[in-house]
Amino acid sequence: MAGIFVVCACAVFVCTLFLNYNLDMVRIRPLLATEIMERLYEALVMTGKVVCAVTGGCLFLTTVVLLCFYIRHYIDAHRRELGILKALGYSSLQIAAGFWKFGLSVLLGCGLGYGLAHGIMPWFYAVQNEDHLLPEIGIRFHPVLLLALVAAPALAFALLSVGYGYRKLGCPVLTLLRGAFAGKLPRSGKERPGKERPFLAELQRSILRQRKTLVFFMAFSAFCFGAMVQMSASMDGLSSAMMAVMMLLIGLILAVVTLFLAATTVVRSNSKNIAVMGAFGYSFRECRRAVLTGYRPFAWLGFLVGTAYQYILLKVMVSVVFAGVEGAPEYKFDVPVFLVTLAAFGILYELVLYGYARKIGRMSVKEVMGDGE
Amino acid sequence: MIRIEKIQKSYGEGGSSFPVLRGVSLEIPKGDFLVLLGASGSGKTTLLNVISGLERPDGGSVRYGSEELGHLSDAELTRFRRDHIGFIFQQYYLLPGLTVEKNVKMGADLSGNKEYRKIIEAVGLMGKEKKYPHELSGGEQQRVSVARALAKKPEVLFLDEPTGALDEETGRQVLDYIDRLQKEGGFTIVMVTHNANIADMAHRVVRLNSGRIVETYQNKTPKGAYEIGW
């Protein structure tokens, strides 16, 4: 659940900071004396809204995907125990009701993000106030934000957990009792006739097809890295160094957490396959190739989409926020930053995957045969 | 010839360690059909794991001809299993996302065997090549596992309770396939079972108890899968 915790913390941190600032800015509205002040005010309000909508919205959707992924994974991993409970007479709703605990990670993550935002707020306000272009804005506590950004998401995600768990547990008892396979089982007759591929290529394709969520997470990790790191480099010129550092940190945390989450799940869910392959004589290198390397193209694709996303977003933001402002900053695609970010992501991705590949290499082939006698 | 000498193996560490194999020695000639018979906890599966190179013993040696397994690195041991050994497990361990044909290809690709479809036919699964494991019965899944193991043309086939999860009818069927294919292929079989009736099919039976060999005997006239009791 660390993934949900971190994503929620990042989302609420950003949203609390900007929404609190936007709410506090309302008090200086009557004090705006010039047209430049009016425009700057509008620009700041718009920046806050866009940052919250994009960051908050994007991370909210990610949390939904992550939560559903965790619950499905939990049910897959505990199929037999849950099947026994159902067989004993517990209803799906009774079992799913216990899934509200998944909402706790949201509560803790949101709480942390909210607390961190309030911790950094004096510094954030001081930076915003230091150019004295607008009347000084002071920090005020807005209970509505605590409700909207901590209590409401925790409650909503607890309800979502129960609802999604109920839906997933709706299958017949025997299906739960029989199957220990985590993932969507394919059906025969749905395969298109194609050329015959070597076994390792077939396995790689099958792994990617069965767990599309993991493909999404790999791509999302690269997307976060590509978008946020490049955006942070541009932020220094467009906004402030503090915004740049914040974006950089959030981007890195999201990318690393998602990458670790995806890689851990890939290796864990394929441990039996890897062990059988090892017993049959497939080498560590071949197992690694079949299980891990299939995600690489999706990661690079995610990076490219992230690059395009940050470019379009900043271009639009600059043209909207600074429309008509004299001496407004200009935004151009930064090729050196792109290349450095690309290289950094390549190194991070390959290092993490190498670490997991070593893990595959250390897997005991005896694992498939139980503990023996 | 496989020569096993004074194999020792314990699990756990320090004071809580308990011996599972206590100096087991054994010779398995090429083409033999050997059954390791014993009750649960007798050490038969651990012995199979050690002979097949899945586990390293704490003491003693396992030799295949002049090759001593203890001298091989992990990578070399993997290579050794790839070139010489096949496995059939009680729980089949088929790859759930791959069809029958592709599961069998897992073994076939290791030996460059292009004629693996003949083995699918030999185990009576023609027409089910495009099915996925979860669409097959237990007996059919075990036959896929047999085909997968044989498609790599092993010199030695290790079977760990291959009929343990099957009913009598399908169990006999699977054993019959294995028996017939061994007679055709001439490979060595080492099978672990707790069922003394199944041991009647073997050329030779080694009975284990508490990590020691307590009896070894030859079956002068090994029985077929449909002749043994159950």
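A quick note: this is a predicted structure, and the numbers were derived from the prediction, not measured.

**Here we look at the overall build of chain A**
Logical step 1: The helix and strand inventory of chain A stands at 14 helices and zero strands.
Logical step 2: Dimensions of chain A along its principal axes, counting C-alpha atoms only, are 80 × 50 × 40 Å.

**Here's the deal with the overall build of chain B**
Logical step 1: Each helix and strand in chain B was counted, giving six helices and ten strands.
Logical step 2: Over its C-alpha trace chain B gives a radius of gyration of 17 Å, about what one expects of a compact globule, namely 17 Å for 230 residues.
Logical step 3: Dimensions of chain B, computed from C-alpha atoms along their principal axes, come out at roughly 55 × 40 × 35 Å.
Logical step 4: In chain B, buried positions account for 49% of the 230 residues.
Logical step 5: Taking all contacts inside chain B whose residues are at least 6 apart in sequence as the whole, residues at least 24 apart take part in 70%.

**Here's the deal with the domain arrangement of chain A**
Residue and element names in this part refer to chain A.
Logical step 1: Considered domain by domain, chain A is made up of domain 1 (1-181) and domain 2 (197-365).
Logical step 2: Broken down by secondary-structure element, the contributors of at least two residues to the side of domain 1 that touches domain 2 are α1 (2-25), α2 (35-77) and α5 (102-129).
Logical step 3: If you tally residues by element for the side of domain 1 that touches domain 2, the top one is α2, at ten residues.
Logical step 4: When the residues that make up the side of domain 1 that touches domain 2 are grouped by side-chain class, the tally is 13 nonpolar, four polar and one charged.

**Some thoughts on the confidence of the model for chain A**
Logical step 1: Mean pLDDT over chain A works out to 84, with 91% of the residues at or above the 70 mark.
Logical step 2: Mean pLDDT across the secondary structure elements of chain A bottoms out at helix α7 (residues 173-178) of chain A, with 76, and peaks at helix α6 (residues 143-168) of chain A, with 91.

**Re α6 of chain A**
Helical geometry: 3.6 residues make up each α-helical turn, so side chains three or four residues apart lie on a common side.
Logical step 1: Here α6 of chain A contains 26 residues, and its C-alpha end-to-end distance of 36 Å stays within 8% of the 38 Å for a straight helix at 1.5 Å per residue.
Logical step 2: Among the residues of α6 of chain A, Leu149, Val150, Pro153, Ala154, Phe157, Leu160, Ser161, Val162, Tyr164 and Gly165 of chain A are the ones counted as buried.

**Topic: the interface of chain A and chain B**
A common way to express how large an interface is: the accessible area buried when the components associate.
Logical step 1: Counting from both sides, the interface comprises 26 residues of chain A and, opposite them, 37 residues of chain B.
Logical step 2: Where the side of chain A that touches chain B is concerned, the elements lending two or more residues are α8 (199-210) and α11 (271-280) of chain A.
Logical step 3: A class-by-class count of the residues in the side of chain A that touches chain B yields 13 nonpolar, eight polar and five charged.

**Details of the sheet that holds strand β8 (residues 188-193) of chain B**
Residue and element names in this part refer to chain B.
Logical step 1: Read from one edge of the open sheet, six strands run β6-β7-β8-β3-β9-β10, paired in mixed fashion. Strands with a single pairing partner mark the edges of an open sheet, and in this sheet they are β6 (85-88) and β10 (212-218). Neighbouring strand axes in the sheet, compared pairwise and without regard to direction, differ in orientation by 15° on average.
Logical step 2: Pairing between strand β3 (residues 33-37) and strand β9 (residues 204-209): four bridges, direction parallel. Opposite Val35, over in β9, you have Val205 as the bridge partner.
Logical step 3: Along the sheet face, helix α5 (residues 138-151) touches β6 and β7 (156-160) and points at about 175° away from the line of β6.

**Let's talk about the packing of α1 of chain A against helix α10 (residues 241-269) of chain A**
Residues and elements named next belong to chain A.
Logical step 1: Contact geometry of α1 with α10 gives a least axis separation of 10 Å together with a crossing angle of 165°. With respect to their mutual orientation, α1 and α10 come out roughly antiparallel. Judged by the sense of rotation from one axis to the other, the crossing of α1 with α10 is left-handed. Across the interface between the two elements, Ala2, Gly3, Val6, Val7, Cys10 and Val14 from α1 touch Ile250, Ile253, Leu254, Val257, Thr258 and Leu261 from α10.
Logical step 2: Residue composition of the contact of α1 with α10, by class: ten nonpolar, two polar and no charged.

**Observations regarding the nonpolar core**
Logical step 1: In this structure, Cys10, Val12 and Met218 of chain A together with Leu36, Val104, Ala147 and Val190 of chain B are the most contacted members of the largest nonpolar core, which totals 161 residues.
Logical step 2: Top element by residues in this core is α1 of chain A. It accounts for 16 residues.
Logical step 3: Two domains each put at least three residues into this core: domain 1 (1-181) and domain 2 (197-365) of chain A.
Logical step 4: Setting aside anything within four residues of it in sequence, one finds Leu36 of chain B in contact with Lys44, Leu47, Leu48, Val190, Val192, Val206 and Leu208 of chain B.

**Remarks on the sheet that holds strand β4 (residues 59-64) of chain B**
All names here are of chain B.
Logical step 1: Pairing is antiparallel across the open sheet formed by four strands, whose spatial order is β2-β1-β4-β5. At either margin of the open sheet sits one strand with a lone partner, and together these are β2 (18-28) and β5 (67-68).
Logical step 2: Alignment of strand β1 (residues 2-11) against β2, held across eight bridges, turns out to be antiparallel. Across the sheet, the residue bridging to Gln8 is Arg22, located in β2.
Logical step 3: In the packing of helix α1 (residues 44-52) onto the sheet, contacts are made with β1, β2 and β4, and the angle to β1 comes to roughly 125°.

**Thoughts on unusual backbone geometry**
A negative phi angle characterises most non-glycine residues, just as the trans form characterises most peptide bonds.
All names here are of chain B.
Logical step 1: If you check the backbone angles, Lys6 has positive phi at about 45° while not being a glycine.
Logical step 2: Assignment of secondary structure puts Lys6 in strand β1.
Logical step 3: Although it is not a glycine, Glu161 adopts a positive phi angle of roughly 45°.
Logical step 4: Mapped onto the fold, Glu161 is located in the loop between β7 and α6 (168-185).

**So, the environment of Ile139 of chain A**
Residue and element names in this part refer to chain A.
Logical step 1: In this structure, Ile139 sits in the loop between α5 and α6.
Logical step 2: Judged by the 13 C-beta atoms lying within 10 Å of it, Ile139 falls in the partly exposed class.
Logical step 3: Among all residues touching Ile139, those that are not within four sequence positions of it are Asp24, Met121, Pro122 and Tyr125.

**Things to note about the packing of helix α12 (residues 284-291) of chain A against helix α14 (residues 335-362) of chain A**
Residues and elements named next belong to chain A.
Logical step 1: Axis separation between α12 and α14 bottoms out at 9 Å; the angle between their running directions is 130°. It follows that α12 is oblique to α14 by the angle criterion. In this structure, the crossing between α12 and α14 has a hand that is right-handed. Here Phe284, Cys287, Arg288 and Val291 of α12 lie close against α14, whose contacting residues are Ala357, Ile360 and Gly361.

**Considering the confidence of the model for chain B**
Logical step 1: Mean pLDDT over chain B: 91, with 100% of residues reaching 70 or higher.
Logical step 2: With a pTM of 0.76, the predicted complex shows an ipTM of 0.85.

**What to know about the environment of Gly170 of chain A**
Logical step 1: Relative to the assigned elements, Gly170 of chain A resides in the loop between α6 and α7.
Logical step 2: Along the sequence, Gly170 of chain A and Arg29 of chain A sit 141 residues apart, while their C-alpha atoms lie 54 Å from each other.

Cut-off values and rules
One numbering rule holds for all chains: residues counted from 1, following each sequence as written. As they are written, the chains are lettered A onward and the ligands numbered 1 onward, keeping that order. Note on the predicted model: pLDDT of at least 70 is required for a residue's local features to be given, and 80 or more for side-chain atom pairs to be given and counted; whole-chain, interface and lining totals, by contrast, use all residues. Secondary structure elements follow DSSP: runs of H or I no shorter than four residues count as helices, runs of E no shorter than two count as strands, and numbering proceeds from the N terminus. It is over C-alpha atoms that the radius of gyration is taken, and the globule rule equals 2.2 Å times the number of residues to the power 0.38. Residues are called buried when their C-beta atom has 20 or more other C-beta atoms within 10 Å, exposed when it has 12 or fewer, and partly exposed otherwise; all C-beta atoms are positioned from the backbone. Distance between backbone-placed C-beta atoms decides contact: two residues are in contact if it is within 7 Å. Each domain's extent was defined by an automatic or database domain assignment. Only Asp, Glu, Lys and Arg are considered charged in this grouping, and only Ala, Val, Leu, Ile, Met, Phe, Trp, Tyr, Cys and Pro are considered nonpolar; every other residue, Gly among them, is considered polar. Each residue carries a pLDDT score, the predictor's own confidence in it, on a scale running from 0 to 100. Here the expected span of a helix is defined as 1.5 Å times the quantity of residues minus one. We treat two strands as partners when DSSP finds at least two bridges between them. Between N-to-C directions, angles cover 0 to 180 degrees, with each direction set by a line fitted to C-alpha atoms, over the stretch in contact for helices. Roughly parallel here means an angle under 35 degrees, roughly antiparallel means over 145, roughly perpendicular means 65 to 115, and every remaining angle is called oblique. Whether a crossing is left-handed or right-handed is set by the direction in which the near helix is turned from the far one by less than a right angle, anticlockwise for left-handed and clockwise for right-handed. Put simply, a nonpolar core is buried Ala, Val, Leu, Ile, Met, Phe, Trp, Tyr and Cys residues tied into one set by C-beta atoms within 7 Å.

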